[in-house]
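The primary structure of each chain is shown beneath.
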Amino acid sequence: MLGILLLAVFFRFWQITDVPPGLYPDEAMNGSNALQALESGNLRAYYTDNNGREGLFINLQAIAIWLFGNEAWALRFVSALFGLLAVLGIYFLTKELFYEKPEDKTLDSKKFGFWNLLRISDLGFRISRSEIIALLSTFFLATNYWHITLSRIGFRAITTPAFSILAFYFLLRGMRKNSMLDFALSGVMLGLGLNGYIAFRFIPFAFAVPIFIGLWRWWKARPLYSENTESSSSCFPCAVILIGIFTIVALTPLITYFAIHPEDFAARTGQVSVFADEQPLRAFAISNIKTIGMLFLFGDCNPRHNFPCLPTLHPIVAITFLYGLFTMIKRKVSLSEITLIAWFLFMMLPATLTREGMPHALRSIGMIPPIMIIAGFGAYALWEKFTARLGQSAVLRLGALLLVTIPLTTGYLYFGIWAHSPSTASAFSQDLSELARYVRSLPNETVKYLIVELDYDGLPVSAQSMVYLTNTATLSSQQKHNVVYLPRTNTLRRITLDEKPAIIGFVAFHDNALEQELERAFPSLVKETRGGFTFYTYNPY
């Protein structure tokens, strides 16, 4: 497990200051809001910019900025932490899902070829079936390209796997141990997840499946409770109420905001919903086909979300997932298996109910945990199946060899190809980030005129990489750094070139006609091109 965690740390933190290159404006918008919150001291439950976003993740990014400064990697550091938390959490959740009593069958290290292969059998380890499945699931998540990619960009979506894993873990442990503390923690995690990302709103539907099963079991067994002096400690409806209370407590800031601004609750979903299509059922069917196909055949082509167009599952994980799902469906399923299947199906909906940019690896991020756990179960089932035919030693050696290919393939694709691809640099607006770093390097006495496409809210999302990296999200900070944002129209009359040095740059667009006007109006300007961006300099000396 320690080895897997180190692998997860490597994939999520290695070269995080440089990879991904640049800073995508949607990431930067979070940073700009965080800078505004730090300056005002007002951490919000909901930020309305950029179609609206839940505030928890942005507020955590504000803490990272306060600690590390307004760097791109500070925003992504928070994502990497959530990614690592999901890897750690899935181990404990999987053990809980496939929990075995201590007296249940375990695998003695003296007979388990894997330990002999590692030459530590003399330590006398005993490893259970649930632990093997948990280790496999954790390994699959730690090395999954899909999850790694989204763990290294500053999007709030990465909170969904972590909070959903913890919510289910505490729920199932609470059901096994009849622990009110676990039920309370489950409610807290559910509430925090709802504060994190809009797709998490489908988790309560999956969450309801084990709760209804628990209520049904309690109802069937309730005559026994009347004769039990400890019946009050076995009140599962009381546990459900406790979960609801703590969910509401954790969700109170967001509930309060939406009560005052109900129009923001579904502002983004209405824009991309399949119900906005002329044929919603057809659009829904197509979205489902593309989302399922994304796992095995043709993935998200957006380089911010995925290695362009590559399936989101490694072929080995895809095979073990399909076999695990098939094995679960064909037999009498347990509470754990019903929960996993429901979790998988419900978390398809944030993607399949939309029609924009399909398949969409970001919106379907909630599918990752159940997929990895089912794949871990399938890998163990395949191990048992082939061991009976080929022998344990041969299967373990072959299995270990196959598993090693997953991190090697992932590392090569991510750090060897994707990180250095021109399409990746373009997807993360590297040229704009380079311009921002250049502007930041100039002395305060230099006037920085930056021309942008102003919208009705002021500085547009497309300019936010510049805004965040130069720490100019507020008027006071713009004055402090001597930065002047100019609209694209009536630009020339707003520029004054006198005894102070100045630069003029175009933010997120190029306009040849405007460049010619600038050159005619200010013949002393010098045009320079460096690092993929163009700007004009003025030196009065």
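What you see is a predicted model; the values in this text were computed from it and never measured. (Residues numbered from 1 in each chain as written. Predicted model: local features only at pLDDT ≥ 70, side-chain atom pairs only at ≥ 80, totals over all residues. Heavy atoms only, no water.)

This part is about the packing of helix H1 (residues 2-13) against helix H4 (residues 72-97). Put simply, H1 and H4 touch, their axes get as near as 10 Å, and they point 160 degrees apart. Taken together, the axes of H1 and H4 are roughly antiparallel relative to one another. In this structure, the crossing between H1 and H4 has a hand that is right-handed. Between H1 and H4, the residues in contact are Leu5, Ala8, Val9, Arg12 and Phe13 and Phe77, Ala80, Leu81, Gly83, Leu84, Val87 and Leu88, respectively. (Axes fitted to C-alpha atoms, helices over the stretch in contact; angles between N-to-C directions. Helix = DSSP H or I, 4+ residues; strand = E, 2+ residues; numbered from the N terminus. Parallel < 35°, antiparallel > 145°, perpendicular 65-115°, else oblique. Left-handed = near helix turned anticlockwise from the far one by under 90°. Contact = heavy atoms within 4.5 Å.)

Another aspect to go through is the pattern of salt bridges. According to the stated counting rule, one finds 14 salt bridges in the structure shown. One salt bridge connects arginine 76 with glutamate 27, and the closest N-O pair in it is separated by 2.9 Å. Placement of arginine 76 in helix H4 and of glutamate 27 in helix H2 (residues 25-40) is noted, with a sequence separation of 49 residues between them. Like glutamate 27, arginine 76 is buried. The partner of glutamate 131 in a salt bridge is lysine 95, with the nearest N and O atoms 3.6 Å apart. (Salt bridge = Lys/Arg side-chain N within 4 Å of Asp/Glu carboxyl O. Buried < 20%, exposed > 50% of the residue type's maximum accessible area, 1.4 Å probe, protein only.)

Here tyrosine 438 shows up in helix H20 (residues 430-441). Residue tyrosine 438 is classed as buried on the basis of its relative accessible area of 14%. It is 9.6 Å that separates the C-alpha atoms of tyrosine 438 and arginine 530, two residues lying 92 residues apart in sequence. Not counting residues within four places of it along the chain, the set of residues in contact with tyrosine 438 comprises Ile503, Arg530, Phe533, Phe535 and Thr537.

Moving on to the packing of aromatic side chains. Evaluated as defined, the whole model comprises 37 aromatic pairs. Summarising the aromatic geometry, the rings of phenylalanine 296 and phenylalanine 321 are spaced 6.2 Å apart at their centres and angled 25 degrees between planes, so their arrangement reads as stacked. Residue phenylalanine 296 is located in helix H13 (residues 280-296), and its partner phenylalanine 321 is located in helix H14 (residues 315-330); the two are separated by 25 residues in the primary sequence. A cation sits over an aromatic face here: arginine 201 above phenylalanine 265, 4.1 Å from the ring centre. (Phe/Tyr/Trp six-rings, centres within 6.5 Å; stacked < 30°, edge-to-face > 60°. Lys NZ or Arg CZ within 6 Å of the ring centre and 35° of its normal.)

Moving on to the confidence of the model for the chain. For the chain, the mean per-residue pLDDT works out to 89, and 91% of the residues sit at or above 70. Residue range residues 109-124 is modelled with pLDDT below 50. Its contacts to residues more than four positions away, or to other chains, number 23 contacts. (pLDDT = per-residue confidence, 0-100.)

The topology assignment puts serine 79 in helix H4. With a relative accessible area of 0%, serine 79 lands in the buried category. Serine 79 sits 197 residues away from alanine 276 along the chain, and the two C-alpha atoms are 32 Å apart. Not counting residues up to four positions away in its chain, the partners in contact with serine 79 are Phe57, Leu150, Ser151, Ile153, Gly154, Phe155 and Ile158.

In this section: the side chain of histidine 147. With respect to the helices, strands and loops of the structure, histidine 147 is situated in helix H7 (residues 145-151). Under the relative-accessibility criterion, histidine 147 is labelled buried at 0%. If near-sequence neighbours (up to four positions away) are discounted, histidine 147 is found in contact with Arg12, Gly83, Ala86, Leu141, Ile158, Pro161 and Ile368.

Burial analysis of strand E5 (residues 447-452) places six of its six residues in the buried class, which makes it a mostly covered element. Of the two faces of E5, the one carrying Val447, Tyr449 and Ile451 and the one carrying Lys448, Leu450 and Val452 are both buried. Where E5 meets strand E7 (residues 502-506), five bridges bridge the pair, whose relative direction is parallel. Each residue of the ladder has a partner; that of isoleucine 451, found in E7, is phenylalanine 506. Where E5 and strand E6 (residues 483-487) come together, five bridges link them in parallel fashion. Its bridge partner lying in E6, tyrosine 449 is registered against valine 484. (Pairing = 2+ DSSP bridges.)

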